[in-house]
Amino acid sequence: MHIKKYFSGNYDQNLSYWLLFLTVIITVLIRFHFLEIPFERDEGSYAYLGQQVLNGKVPYVDFFERKFPVIFYAYAAIVALFGYSLTGVHLGFLVINVISIIVVFLIVKKLFNPLTAWIAASAFTLYSMSPYASGFTAQSEHLVIFFLLLGIWAMVHACDNGKAWLYIASGVAMSLGLLVKQNGIFFILFSVIALVTWLVKQRLSTSQIFKYIIFYAIGGVFPLALVAFVLWMQGAFEEMIYWTIYSSADYISGSGLDKAFANITYMLKRISQTHLLIWATSLMGLISFWFLRKPLHIKILLTLFVLLSFVSVAPGFRFFGHYWLFIYPAMALLSAMLFYALAIIIRKSKLPLLMAFLLIFAMNIFQNADYYFTDDVNQPVKNTYGSDLFPATKKLSDYLNQQMQKRDQLLVLGFEPQIYVYTRKDAPVRFHFMKLLTKIENKQLYEEYKNAMLDKLYANPPDYIVYMANYMNKDYTKDLKSGLKPLLKKYEQIALVELRKWKETRFFFNEGSSTIKHGKNYISILSKKN
């Protein structure tokens with residue numbers, strides 16, 4: 001079985017390696033500027049849960065989250081290897097991003113040729129660092145992409161040489177992507193369709209086709225079975241089913257179709273504005289590839305990969321910026337397809353074509369130089385999210401670290417769990433992220449969890465509370481806020497942050513902060529009265 005027989009082209013391999021090396025160096029230089037950018041809430045949440053796993057806590061029993069458990073284990077590995085800190089977590093994702101870039105290169109090199117592979121790797125590099133797709137953060141989408149690419153790499157080689165372990169490895173990698181985030185199911189769907197298509201086109205016997213599919217299935221089932229067994233042994237399996245399936249379904253249904261068009265058009269405009277030329281090459285690449293003399297099933301598989309990548313962004317119809325990271329491997333491949341198609345058309349020296357793509361990538365870096373090489377680590381967060389909230393939580397945490405003793409307990413009443421990472425404190429309750437509680441649709445279950453949490457807080461009040469009025473004043477928190485009211489009377493305010501839209505955020509770090517007049521959008525630090 002020779003997968004490459006469907007493709008052609010043999011360009012200067014050494015040149016492509018040098019260009020890849022340059023791409024990796026540029027990536028590292030840019031991402032070094034991202035290391036100290038403050039956490040946004042999701043990456044802070046996953047880093048916190050990774051540390052909880054290292055501390056021996058059991059997912060879905062000692063803490064709650066809607067994602068499958070490999071996300072906790074993966075972040076635990078990152079924290080263990082690179083450190084439980086802002087810099088450590090971001091450094092870990094720098095490594096993941098670099099490996100992903102190299103794997104993109106290896107996949108496309110195997111299928112096409114070295115220079116086309118470099119185009120794909122470079123386009124993916126810039127796409128994956130897109131500011132409005134939260135490319136500077138340690139989002140879980142980067143991990144799903146990482147496993148997806150490893151799975152495709154193994155499958156491409158398996159289809160070429162028929163080795164059983166590669167089929168198994170491909171299944172394992174794809175399954176791990178799903179177990180990081182449920183959106184990975186769309187990439188598993190693509191991988192199954194692609195695998196069956198390749199095997200059928202090789203005109204193998206039915207028994208051989210089933211043999212290779214079974215190898216892939218063994219790899220895919222193994223992580224699922226192992227995770228299910230571990231959680232069953234820990235007494236967490238039923239809780240996992242609730243949080244990852246039923247609660248996730250409630251979350252997905254939370255944003256209706258009526259908002260979908262507005263959400264997608266708004267985010268498409270944002271995420272494309274910093275990469276217009278590269279987006280243009282991707283769109284032209286999809287069109288141009290269909291005009292090449294390639295087998296129809298190859299064209300269909302490429303188009304299917306693009307479509308399912310877009311579908312993976314859609315669940316819930318929220319289309320948040322970081323969801324769009326899922327489409328970037330496909331978009332990078334399309335950019336490479338434009339180069340590949342034009343190279344076939346030109347047929348002569350490919351140097352002018354290569355220089356044109358180099359110019360496009362250089363223009364993108366120059367256009368976004370203030371973002372890529374910023375000296376103000378807070379600016380990318382402010383520009384992307386339109387708020388000082390995430391930098392403010394870092395500054396508040398620094399203040400808390402000066403006030404708290406080692407044994408002091410801290411409760412974050414709001415949706416910013418990264419504060420627990422900054423302060424190296426464990427949440428005194430199982431809800432490190434309060435929205436997981438307030439968004440429970442089952443009223444009986446909500447009351448059960450809420451009352452258990454309140455009983456624990458009243459029995460052992462934490463020493464400090466971060467009260468985030470910008471969240472706790474929402475309608476869906478009224479019941480919880482009422483239950484907390486007697487507890488909060490035992491505290492006094494020692495610091496205040498007023499978050500003002502389009503105006504400079506105001507910080508007040510003193511015991512007289514309670515007398516400051518402020519708007520409704522604020523964060524206060526409360527200390528237990530003596």
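Residues numbered from 1 in each chain as written. Predicted model: local features only at pLDDT ≥ 70, side-chain atom pairs only at ≥ 80, totals over all residues. Heavy atoms only, no water.

(A) Quick peek at the overall build of the chain. Within the chain, the secondary structure is distributed over 23 helices and 5 strands. For 530 residues, the compact-globule formula gives about 24 Å, and the C-alpha radius of gyration of the chain, at 25 Å, lands near that figure. Overall size of the chain, expressed as C-alpha extent along the three principal axes, is 80 × 50 × 45 Å. Partitioning the contacts of the chain with sequence separation of at least 6, the portion at a separation of at least 24 is 75%. Of the roughly 23100 Å² of accessible surface on the chain, 62% is carried by carbon and sulfur atoms. Charge separation in the chain, taken as the distance between the mean sites of 51 positive and 32 negative side-chain charges, equals 9 Å. (Helix = DSSP H or I, 4+ residues; strand = E, 2+ residues; numbered from the N terminus. Rg over C-alpha atoms; globule rule 2.2 N^0.38 Å. Contact = heavy atoms within 4.5 Å. Areas by Shrake-Rupley, 256 points an atom, 1.4 Å probe, with all protein chains shown as cover. Lys, Arg positive; Asp, Glu negative; His and termini not counted. Charge placed at Lys NZ, Arg CZ, Asp CG, Glu CD.)

(B) Summary view of the pairing of strand β3 (residues 491-498). With 7 of 8 residues buried, β3 lies mostly within the body of the structure. Bridge count for β3 against strand β5 (residues 522-528) is 7 bridges, and the pairing is antiparallel. Directly across from Gln493, in β5, lies its bridge partner Leu526. Relative to strand β4 (residues 506-509), β3 runs antiparallel, the two being bridged by 4 bridges. Residue pairing for β4: Glu498 is matched across the bridge by Arg506. (Buried < 20%, exposed > 50% of the residue type's maximum accessible area, 1.4 Å probe, protein only. Pairing = 2+ DSSP bridges.)

(C) Molecular detail of unusual backbone geometry. In this model, Tyr60 sits at a positive phi of 70°, which is unusual for a non-glycine residue. Of note, Tyr60 is situated in the loop between α2 (41-54) and α3 (70-82).

(D) Expanded view of the pattern of salt bridges. This model, assessed by the stated rule, comprises 10 salt bridges. Between Lys67 and Glu65 there is a salt bridge, with its nearest N and O atoms 3.4 Å apart. For Glu65, a relative accessible area of 5% translates into the label buried. One salt bridge in this structure joins Lys528 and Asp463, with 3.9 Å as the shortest N-O distance. With a gap of 65 residues between them, Lys528 in strand β5 and Asp463 in the loop between α21 (443-459) and β2 (464-468) connect regions that are remote in the sequence. Among the ionic contacts, a cluster of salt bridges with common partners joins Glu447, Lys450 and Asp479. (Salt bridge = Lys/Arg side-chain N within 4 Å of Asp/Glu carboxyl O.)

(E) Highlighting the packing of aromatic side chains. Throughout the structure, instances matching the rule amount to 42 aromatic pairs. The interplanar angle of 80° and the centroid separation of 6.5 Å between the aromatic rings of Phe136 and Tyr385 together place this pair among those described as edge-to-face. Of this pair, Phe136 sits in the loop between α5 (114-128) and α6 (140-161) while Tyr385 sits in helix α17 (residues 379-385), and the two are 249 residues apart along the sequence. Owing to a relative accessible area of 29%, Tyr385 belongs among the partly exposed residues under this scheme. (Phe/Tyr/Trp six-rings, centres within 6.5 Å; stacked < 30°, edge-to-face > 60°.)

(F) Fine view of empty space enclosed by the protein. Taken as a whole, this structure holds 4 cavities of 30 Å³ or more when the rule is applied. As a volume, the largest cavity reaches approximately 460 Å³. Surrounding the largest cavity, 24 residues form its lining, Ile107, Leu111, Ile152, Phe190 and Leu333 being those nearest its centre. At the level of elements, α4 (86-111), α6, α8 (185-201), α13 (296-311) and α14 (328-346) are the ones that each hand at least two residues to the lining of the largest cavity. Grouping the amino acids of the lining of the largest cavity by side-chain chemistry returns 23 nonpolar, 1 polar and no charged. (1 Å grid on protein atoms, 1.4 Å probe; cavity = no way out; pocket = protein on both sides within 12 Å on 5 of 7 lines; lining within 4 Å. Points joined across faces, edges and corners; volume = space filled by probe spheres on them. Nonpolar A, V, L, I, M, F, W, Y, C, P; charged D, E, K, R; others polar.)

(G) Region of the structure containing α21. The terminal C-alpha atoms of α21 lie 24 Å apart, and with 17 residues this matches the ideal 24 Å at 1.5 Å per residue to within 8%. Among the residues of α21, those classed as buried are Leu445, Tyr446, Tyr449, Lys450, Met453, Leu454 and Leu457. Buried residues of α21 fall within an arc of 155° about the axis and therefore sit on the same side. Along α21, exposed side chains directed more than 90 degrees from the buried face belong to Gln444, Glu448, Asp455 and Ala459. (Expected span 1.5 Å × (residues − 1). Arc of directions from axis to C-beta.)

(H) Up close: the side chain of Thr438. With respect to the helices, strands and loops of the structure, Thr438 is situated in helix α20 (residues 435-438). Overall, Thr438 belongs to the buried group, its relative accessible area being 9%. Excluding residues within four positions of it along the chain, Thr438 makes contact with Phe415, Tyr446, Tyr476, Thr477 and Leu480.

(I) Inspection of the sheet that holds strand β1 (residues 410-413) at higher detail. Taking strand neighbours across the sheet as the criterion, the 5 strands line up as β1-β2-β5-β3-β4 in an open arrangement whose pairing is mixed. A single partner strand is all that each edge strand has here, and the edge strands are β1 and β4. Here the strands of the sheet are splayed against their neighbours by 20° on average, with no regard to which way each runs. (Axes fitted to C-alpha atoms, helices over the stretch in contact; angles between N-to-C directions.)

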